[in-house]
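Spelled out, the chains give:
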Amino acid sequence: MEITAEAARRFLVARHFLSPGRSVEGGRDGVLEVLRTLGSIQFDPLAVAGRNHDLVLHARVADYEPAWCDQLYQRGEIFEATNKALSFIPTGEFPWFRLGFGRKGPRFHNAILADNPGVAERVIERIRADGPLSTLDFEREHGAAKDWFGMPENVVRAVLEALTVEGVVGLARREGNRRYYDLLERLLPAEVLGQVVPEREQLLHKMLSRYRAHGLLGTGGAGGTFDRIAPPTSTPERVGRNELRKELVGTGALVPVQVQGVRGKRLVLADEFVLLQAPPEPAPSVVFIPPFDSLLWDNQLLASLFGFEYVWEGFFPQAKRRWGWYVLPIMFRDRFVGRFEPRIDRDRACVEVLDLWWEDGFSPSGANGFVDAMRDALSAYLRFAGAGGLEWAPHLGREKQLFLTHL
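Asks: Explain helix α10 (residues 241-250) to me, please; I cannot follow it from the model alone.
Replies: One turn of the α-helix equals 3.6 residues, which is why residues spaced by three or four share an orientation. Here α10 has its buried residues at R241, L244, R245 and L248. With its buried residues spanning 95 degrees around the axis, α10 presents them on a single face. Pointing more than 90 degrees away from the buried face of α10 are the exposed residues K246 and G250. The secondary structure elements touched by the buried residues of α10 are α9 (199-214), β9 (254-259) and β10 (266-269). Immediately beyond the C-terminal end of α10, within one or two residues, lies G252, with a positive phi of roughly 90 degrees.

This is the structure we're talking about:
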């Protein structure tokens with residue numbers, strides 16, 4: 001089947017709950033609705049403009065409050081797992097994520113436990129006796145392993161992560177970015193823990209989950225989308241992701257489509273094929289999309305389908321950034337029209353607008369409905385941030401007058 005680029009854009013915006021944005025009702029139930037549809041939402045601790053998962057949910061859930069996600073976490077209705085990156089996932093899907101690889105892969109985590117059995121035993125016994133604990137509740141111990149920066153790894157931290165990958169402990173809660181671990185048997189319902197899913201079914205589920213998260217990925221994915229699931233081709237020891245994808249297409253779980261102007265086949269969930277065939281007209285809504293939103297995974301698709309160049313510049317030296325450090329793309333209807341760089345100043349209860357960049361050819365005042373929609377989006381963002389007003393950078397005087405917003 002071949003579809004137009006316009007239909008593909010409208011489909012993505014609709015299935016991502018962005019038309020209109022901030023429209024999923026139900027509070028915490030709305031959060032779960034989004035999670036069940038997308039399958040997972042990436043967690044990232046940076047909070048300069050709001051944490052990534054909170055921004056993802058703020059763009060979709062009406063009057064979203066960050067406490068809702070924290071409460072679901074503490075109540076055991078969502079859990080953390082590696083799904084492309086560290087992500088929140090509905091607890092009911094835990095049996096399909098037992099096969100975890102963690103941040104450094106199975107070889108590293110297995111070696112940590114094999115090399116530090118005494119540490120692992122002490123950690124488990126402390127948690128069993130005292131309940132949820134963080135790495136700060138243990139004395140630091142160093143071994144041969146290195147962290148991301150080449151420094152000696154805190155063995156207790158590495159052991160806790162390895163035990164999480166092994167399914168012995170899990171994350172009970174977060175306080176800020178600090179994780180508290182508890183025995184998995186005390187965190188999840190017995191019926192969930194007791195469900196055993198064969199390894200191949202787990203891999204198929206993970207493969208499908210990446211297509212759920214995005215909605216219109218190609219066979220190769222983008223940005224390492226499928227890297228942590230399986231190697232590309234099968235070996236006698238491991239099934240490859242090409243074989244897994246072929247099976248998902250063969251069973252009808254994924255449907256291949258061709259999008260006009262986009263290279264290569266795209267794959268759509270069978271349950272969403274009807275929506276793809278007749279997507280609704282996009283609403284005149286403005287939403288701010290966070291850097292690790294699954295909608296932004298495929299840079300090439302963004303360029304060919306939306307005409308939008310997207311690169312997250314967080315790892316770039318300042319001199320090499322074209323835009324800014326933590327910048328949120330602005331979506332209006334079914335197009336990306338600009339970029340927004342906010343900072344939440346919690347001490348002063350305000351949001352600083354450091355910069356705005358508009359796409360070539362886009363005029364904020366000339367786009368029908370945009371100014372009102374942008375004001376609504378800024379007002380909603382202020383509520384989300386717990387802020388009483390906006391502070392605009394001096395060079396944004398025109399935008400300040402156009403969008404002046406107070407609670």
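Asks: Could you clarify how one ought to interpret the pairing of strand β4 (residues 85-90) in this entry?
Replies: Successive side chains on a regular strand alternate, one facing one side of the sheet and the next facing the other. With five of six residues buried, β4 is to be regarded as a mostly interior element. Here two bridges tie strand β2 (residues 41-42) to β4, and the two strands are oriented antiparallel to one another. Counterpart to I41 in the pairing with β4 is F88. Counted between consecutive antiparallel strands, the loop separating strand β3 (residues 78-83) from β4 contains one residue, among which K84 sits at a positive phi close to 75 degrees.

Asks: Is there a simple way to explain the packing of helix α1 (residues 5-15) against helix α12 (residues 299-306) in this structure?
Replies: Helix packing geometry: the angle between the two helix axes and the distance between the axes. Packing of α1 against α12 leaves a shortest axis separation of 10 Å and a crossing angle of 125 degrees. Taken together, the axes of α1 and α12 lie oblique to each other. In contact with A5, A8, R9 and L12 of α1, α12 contributes L301, L305 and F306.

Asks: Would you take a moment to explain the packing of aromatic side chains for this structure?
Replies: Centre distance and the angle of the planes are the two values used to describe a pair of aromatic rings. In total, this model carries 23 aromatic pairs according to the counting rule given. For the ring pair F79 and F94, a centre distance of 5.6 Å and an interplane angle of 75 degrees mean the geometry is edge-to-face. Of this pair, F79 sits in strand β3 while F94 sits in the loop between β4 and α5 (106-115), and the two are 15 residues apart along the sequence. In this pair, the class of F79 matches that of F94, namely buried. Measuring from ring centre to ring centre gives 5.2 Å for F306 and F336, while their planes differ by 70 degrees; the resulting arrangement is edge-to-face. Here F306 is found in helix α12, whereas its partner F336 is found in strand β13 (residues 335-345), with 30 residues between them in sequence. Its relative accessible area of 5% is what places F336 among the buried residues. Each member of the aromatic cluster is reached from another via a ring pair, and the members are Y64, W68, F288, F340, Y381 and F384. Above the plane of the ring of F226 lies R245, whose end atom (NZ or CZ) is 5.4 Å from the centre.

Asks: Honestly, the sheet that holds strand β1 (residues 2-3) in this entry has me stumped. Any pointers?
Replies: Strand-to-strand pairing in sheets goes through backbone hydrogen bonds, with the strands running parallel or antiparallel. Judged by pairing direction, the sheet is mixed, and its three strands sit side by side in the order β1-β9-β10 without closing on themselves. Strands with a single pairing partner mark the edges of an open sheet, and in this sheet they are β1 and β10. Judged from the two bridges that link them, β1 and β9 form a sheet pairing that is parallel. Following the sheet pairing, E2 is matched in β9 by Q258.

Asks: Would you mind going over empty space enclosed by the protein with me for this structure?
Replies: If you roll a probe as big as a water molecule over the atoms, it shows you where there is empty space left. On inspection of all chains with the given rule, the structure shows three cavities of 30 Å³ or more. What the largest cavity holds in volume is close to 90 Å³. Taken together, 15 residues make up the lining of the largest cavity; nearest its centre are S40, I41, Q42, F292 and S294. Contributions of two or more residues to the lining of the largest cavity are made by β2, α3 (52-58) and β4. Of the residues belonging to the lining of the largest cavity, the class tally is seven nonpolar, six polar and two charged. Lining the second largest cavity we find Y310, V311, W312, E313, W323, G324, W325, V327, P329 and R339. When its residues are assigned to classes, the lining of the second largest cavity shows seven nonpolar, one polar and two charged.

Asks: Whenever I open this one, unusual backbone geometry confuses me. Can you help?
Replies: The general pattern is negative phi for most residues beyond glycine and trans for most peptide bonds. For the bond from S19 to P20, the omega torsion is -5 degrees, close enough to zero to count as cis. Looking at the secondary structure, you find P20 in the loop between α1 and α2 (28-38). Of note in the backbone geometry, D63 takes a positive phi value of approximately 55 degrees without being a glycine. You will see that R333, though not glycine, has its phi angle at about 55 degrees, which is positive. On the accessibility criterion, R333 (24% relative accessible area) is partly exposed.

Asks: It is not clear to me how the side chain of E80 should be interpreted in this structure. Could you clarify?
Replies: When you line up the elements, E80 lands in strand β3. With a relative accessible area of 9%, E80 lands in the buried category. Within the local environment of E80, its side chain forms a polar contact with the side chain of Y73, the two groups lying 2.8 Å apart. Within the local environment of E80, its side chain forms a polar contact with the side chain of R174, the two groups lying 2.6 Å apart.

What counts as what
- Residues numbered from 1 in each chain as written.
- Predicted model: local features only at pLDDT ≥ 70, side-chain atom pairs only at ≥ 80, totals over all residues.
- Heavy atoms only, no water.
- Buried < 20%, exposed > 50% of the residue type's maximum accessible area, 1.4 Å probe, protein only.
- Helix = DSSP H or I, 4+ residues; strand = E, 2+ residues; numbered from the N terminus.
- Arc of directions from axis to C-beta.
- Contact = heavy atoms within 4.5 Å.
- Pairing = 2+ DSSP bridges.
- Axes fitted to C-alpha atoms, helices over the stretch in contact; angles between N-to-C directions.
- Parallel < 35°, antiparallel > 145°, perpendicular 65-115°, else oblique.
- Phe/Tyr/Trp six-rings, centres within 6.5 Å; stacked < 30°, edge-to-face > 60°.
- Lys NZ or Arg CZ within 6 Å of the ring centre and 35° of its normal.
- 1 Å grid on protein atoms, 1.4 Å probe; cavity = no way out; pocket = protein on both sides within 12 Å on 5 of 7 lines; lining within 4 Å.
- Points joined across faces, edges and corners; volume = space filled by probe spheres on them.
- Nonpolar A, V, L, I, M, F, W, Y, C, P; charged D, E, K, R; others polar.
- Polar contact = N/O pair within 3.5 Å; in protein donor to acceptor, adjacent residues only side chain to side chain.

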